[in-house]
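# Observations on the three-dimensional arrangement
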Amino acid sequence: MLSPPLTLLPSVPAVNKHKPWIETSYHGVITENTDVVLLDPPLVALDKDAPIPYAGEICAFNIHGLEAPFEAVVLNGTSGEGQLRARGLVDCELQKEYTFIIQAHDCGSGPGGTEGKKSHKAVVHIQVNDVNEFAPVFREPQYRAAVTEGKIYDSILQVEATDQDCSPQYSQICNYQITTTSTPFAIDRNGNIRNTEKLSYDHQQQYEILVTAWDCGQKRALHSVPVRIDVKPVCKPGWQGWNKRVDYEPGTGSKQLFPKMHLETCGGPLSSVRTTVDCSCCRFTCSIASDLSEHAASCGEQIIYMSAY
Ligand SMILES: [Ca+2]
Ligand SMILES: [Ca+2]
Ligand SMILES: [Ca+2]
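Treat the numbers as computed from the prediction; the structure is a model and nothing was measured.

Our focus in this paragraph is the sheet that holds strand β3 (residues 58–64). Ordered by their spatial adjacency, 5 strands build an open sheet running β2-β1-β7-β6-β3, and the pairing between neighbours is mixed. What marks the edges here is a single partner per strand, and that holds for β2 (38–40) and β3. Neighbouring strand axes in the sheet, compared pairwise and without regard to direction, differ in orientation by 30° on average. Pairing between strand β1 (residues 25–31) and strand β7 (residues 122–129): 7 bridges, direction parallel. Following the sheet pairing, Thr31 is matched in β7 by Asn129.

This is the structure we're talking about:
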């Protein structure tokens, strides 16, 4: 028996009456270097033509905004569920926020998507969360300062580290620390270094300490910075730059005793200096009354010269 011939039903044009519906705005959060955006509310498009195939199904979410490195994919065309993803790596240090437009498309009246309808345009605002990728780095490769002995300073110098992360939590410096042990110095949260006791030039003329820094996410600087502190002696008026012993051979004429000698006045008024030279070799003690320019003294038969520069 012959089966009845297959007859094609006259194609009833499917009707796409309704355009899809989505929320008017979405807020998204993405952690930098990942690709999944957490959207609030979730991305779902509804179409009142459901459950009619095509007309009631969601075929695409389109993003308007050429610079936005995001794409929206349809996870389930029937339910209208979608997901927003980054097209490439999102870097918080380059851009912290994105705003663009999203629109849902249904599948039209049949295969091929003709007579498709679009939802209204919704605004998507995305915030990029920071990851603590960068460690603090000191602005200078080394620091140097000088102090005068015998004084306590509130701040001898200030060191400063910076951090390239994009959020305050991961980029601000929360702590500095001197890593060198047993030093007479301390550092505060702002990088100010002070001395904790009076320093003595005779005891130590120079200190070298190492300082490190932490960001507020507890990431430590990769490299500590050296800080050199010179101790300067308190200025004492008098002759400077002379040697304690000068050998002189009798009969060799005059000899300049202290060619590098100079008079330290410490910036104060000083009209004359009483200088005593003990010529122990020749068992003479001679005194010099200085007029601050040319100095000559008679030591027995020898004449010695001193000059103030
Ligand atoms: Ca529709
Ligand atoms: Ca950091
Ligand atoms: Ca970061």
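Alright, that's what it looks like, and here's the rest.
As a further point, take the nonpolar core. The biggest cluster of nonpolar side chains holds 22 residues, and the ones touching the most others in it are Ile30, Val37, Phe61, Leu84 and Ile126. At the level of secondary structure, the elements contributing two or more residues to this core comprise β3, β4 (70–76), β5 (81–86), β6 (97–106) and β7. Ignoring anything within four residues of it in the chain, the contact list for Val37 reads Gly28, Ile30, Phe70, Leu84, Arg85, Ala86 and Ile126. Among the nonpolar cores identified, the runner-up in size contains 18 residues, and Ile173, Leu199, Ile209 and Val211 belong to it.

Bringing the sheet that holds strand β14 (residues 192–195) into the picture now. Ordered by their spatial adjacency, 3 strands build an open sheet running β10-β14-β13, and the pairing between neighbours is antiparallel. Of all strands in the sheet, those with a lone pairing partner are β10 (157–158) and β13 (185–187), marking the two edges. Sheet analysis places β13 next to β14, joined by 3 bridges and oriented antiparallel. What sits directly across from Ile187, in β14, is Ile193.

It is worth spelling out the pairing of β4 at this point. Pairing geometry for β4 and β5, over 6 bridges, is antiparallel. Along β5, the bridge assignment pairs Glu71 with Arg85. In this structure, the hairpin formed by β4 and β5 is closed by a connection of 4 residues, where Gly80 is found at a positive phi of approximately 80°.

Okay, the environment of Gly88 next. Following the sequence through the fold, Gly88 ends up in the loop between β5 and β6. With 18 residues separating them in the primary sequence, Gly88 and Phe70 have C-alpha atoms 7.8 Å apart.

Attention now goes to the environment of Lys17. Along the polypeptide, Lys17 turns up in the segment before β1. Note on Lys17: 13 C-beta atoms within 10 Å, which makes it partly exposed. The sequence separation of Lys17 and Asp49 amounts to 32 residues, and the corresponding C-alpha distance is 6.6 Å.

Omega for the peptide link from Asp40 to Pro41 comes to -5°, which places this bond in the cis form. Residue position: Pro41 is located in the loop between β2 and β3. At Glu115, a residue that is not glycine, the phi angle is positive and equals roughly 60°. Of note, the phi angle at Ser182 is positive, near 55°, even though the residue is not glycine. In this structure, Ser182 sits in the loop between β12 (173–178) and β13. C-beta crowding within 10 Å serves as the criterion here: with 4 such atoms nearby, Ser182 is assigned to the exposed category.

Conventions we followed
- Residues numbered from 1 in each chain as written.
- Chains lettered and ligands numbered in written order.
- Predicted model: local features only at pLDDT ≥ 70, side-chain atom pairs only at ≥ 80, totals over all residues.
- Pairing = 2+ DSSP bridges.
- Helix = DSSP H or I, 4+ residues; strand = E, 2+ residues; numbered from the N terminus.
- Axes fitted to C-alpha atoms, helices over the stretch in contact; angles between N-to-C directions.
- Core = buried A, V, L, I, M, F, W, Y, C linked by C-beta atoms within 7 Å.
- Buried ≥ 20, exposed ≤ 12 C-beta atoms within 10 Å, placed from the backbone.
- Contact = placed C-beta atoms within 7 Å.

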